Amino acid sequence: MIKWCFTSIVNIFVINPENISKSNDFYVPIYIFETLLRDRIVEYLEIDDRFGANWLEAIKNNEYLFNKINEIISKITVKTNSKPNIHDVFATISLGDIINIFTPDNISKSKLSGMLSHVFKIKSSQAGHKTMQTDIYKKMTAVLKLRNDIFHFKPIVGNINYSHIDKTINNFIYHLAHSKEMVEYLRAQFKINIHQPPII
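Residues numbered from 1 in each chain as written. Predicted model: local features only at pLDDT ≥ 70, side-chain atom pairs only at ≥ 80, totals over all residues. Heavy atoms only, no water.

### Some thoughts on the overall build of the protein
Scanning the protein from N- to C-terminus turns up 11 helices and zero strands. What you see in the protein, going N to C, is helices and strands ordered as α-α-α-α-α-α-α-α-α-α-α. In the protein, once contacts between residues fewer than 6 apart in sequence are set aside, the share between residues at least 24 apart is 65%. Carbon together with sulfur atoms contributes 56% to the accessible area of the protein, which is approximately 11,600 Å² in total. (Helix = DSSP H or I, 4+ residues; strand = E, 2+ residues; numbered from the N terminus. Contact = heavy atoms within 4.5 Å. Areas by Shrake-Rupley, 256 points an atom, 1.4 Å probe, with all protein chains shown as cover.)

Next comes the structure, spelled out in structure tokens:
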């Protein structure tokens, strides 16, 4: 196992040093995307009057996610001897499980019809279209795959699936930022080329 890992790193970073540079370019944008996505979901579940303290009810129709979150709650409770709040839970759950919330089927059959609209700050009429829901989910899945490929030292340079992924990530960040002030801060602080798109 150790030999395989070493060989993989050598193949990627020595034979193709461009890959480490390209991968490094994505770390900050992906981190910002993931952080904002978690924050916006928590924000939605907290401010929506239907949920309040019963935010777990909002995802009970997604059996996999519901069980996963309850598993996380149990582990944190045993470790800290206190029940975790929503922030603790969503800081722990994997990005893949979070994105799983946004499958068109999960959005439509749960009480999360307004989540898509709030999280990405798009009109309810747009968020209600299955085409829009599918497009957002597919693009988030592509970002997740890129993130996993980078973290597992897989080559990304020359991968046609990632030819425009930087624009996709920046597009998501723009919609997740929720304010011009936040966009300007991210542009200045992290030198990210966030532009205003018409819609996701």
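### A look at the environment of Leu 45
Topologically, Leu 45 is positioned in helix H2 (residues 18-47). Overall, Leu 45 belongs to the buried group, its relative accessible area being 1%. When the C-alpha atoms of Leu 45 and Leu 56 are compared, they prove to be 8.8 Å apart, with 11 residues separating the residues in sequence. (Buried < 20%, exposed > 50% of the residue type's maximum accessible area, 1.4 Å probe, protein only.)

### Brief notes about unusual backbone geometry
Positive phi values are uncommon outside glycine, yet Asn 81 reaches one of about 60 degrees. Within the secondary structure, Asn 81 sits in the loop between helix H3 (63-80) and helix H4 (86-92). Asn 81 sits in the exposed class, given a relative accessible area of 73%. In the Ramachandran plot, Phe 153 falls in the positive-phi region, its phi being about 60 degrees despite a non-glycine side chain.

### Some points on the side chain of Gln 133
Of note, Gln 133 is situated in helix H9 (residues 130-151). Judged by its relative accessible area of 8%, Gln 133 falls in the buried class. Discounting chain neighbours no more than four positions away, the residues touching Gln 133 are Phe 102, Pro 104, Ile 107, Leu 116, Ala 127 and Gly 128.

### Some remarks on the confidence of the model for the protein
Detail in the predicted coordinates should be disregarded across regions flagged by low pLDDT. Averaged over every residue, the pLDDT of the protein is 83; the share at 70 or more is 85%. Mean pLDDT per element in the protein: helix H1 (residues 2-13) is the minimum at 54, and helix H10 (residues 165-177) is the maximum at 93. (pLDDT = per-residue confidence, 0-100.)

### Some remarks on H2
For H2, which comprises 30 residues, the first-to-last C-alpha distance of 45 Å matches the rise-based estimate of 44 Å (1.5 Å per residue) to within 8%. If you look at H2, its biggest bend is around 30 degrees, right at Tyr 27, and the proline Pro 29 turns up within four residues after that. (Expected span 1.5 Å × (residues − 1). Bend = angle between axes of the 7 residues up to and from the residue.)

### Some words on the packing of H2 against H9
The contact between H2 and H9 brings their axes to 11 Å, and the two run at 130 degrees. With respect to H9, the element H2 is oriented oblique. Taken as a pair, H2 and H9 cross one another with a handedness that is left-handed. Across from Ser 23, Phe 26, Tyr 27, Ile 30, Phe 33, Glu 34 and Leu 37 in H2, the residues of H9 making contact are Met 140, Val 143, Leu 146, Arg 147, Ile 150 and Phe 151. Taken together, the residues that form the contact of H2 with H9 break down as 10 nonpolar, one polar and two charged. (Axes fitted to C-alpha atoms, helices over the stretch in contact; angles between N-to-C directions. Parallel < 35°, antiparallel > 145°, perpendicular 65-115°, else oblique. Left-handed = near helix turned anticlockwise from the far one by under 90°. Nonpolar A, V, L, I, M, F, W, Y, C, P; charged D, E, K, R; others polar.)

### Brief notes about the side chain of Asp 97
Along the polypeptide, Asp 97 turns up in helix H5 (residues 95-100). Within the structure, the side chain of Asp 97 is placed 3.1 Å from the side chain of Ser 94, a separation counted as a polar contact. Setting aside residues up to four positions removed in sequence, Asp 97 forms contacts with Tyr 64, Leu 65 and Lys 68. (Polar contact = N/O pair within 3.5 Å; in protein donor to acceptor, adjacent residues only side chain to side chain.)

### Side note on a nonpolar patch on the surface
Taken together, the side chains of Tyr 27, Val 28, Phe 151, Tyr 185 and Phe 190 make up a nonpolar region of the molecular surface, amounting to roughly 460 Å² of accessible area. Elements with a contribution of two residues or more to the nonpolar patch: H2 and helix H11 (180-190). Considering the arrangement of structural elements, one finds Val 28 in helix H2. (Patch = residues over 30% accessible without salt bridge, like charges linked within 9 Å, V, L, I, M, F, W, Y side chains within 5 Å. Salt bridge = Lys/Arg side-chain N within 4 Å of Asp/Glu carboxyl O.)

### A closer look at the nonpolar core
With 56 residues, the main nonpolar core has Leu 37, Phe 90, Phe 102 and Phe 120 as its most contacted residues. Secondary structure elements with two or more residues in this core: H2, H3, H4, H5, helix H7 (115-119), H9, H10 and H11. Examining the composition of this core, we find that 10 residues originate from one element, H2, more than from any other. Excluding its chain neighbours within four sequence positions, the residues that come into contact with Phe 102 are Leu 37, Ile 41, Ile 107, Met 115, Leu 116, Val 119, Phe 120, Gln 133, Tyr 137 and Met 140. (Core = buried A, V, L, I, M, F, W, Y, C linked by side-chain atoms within 4.5 Å.)

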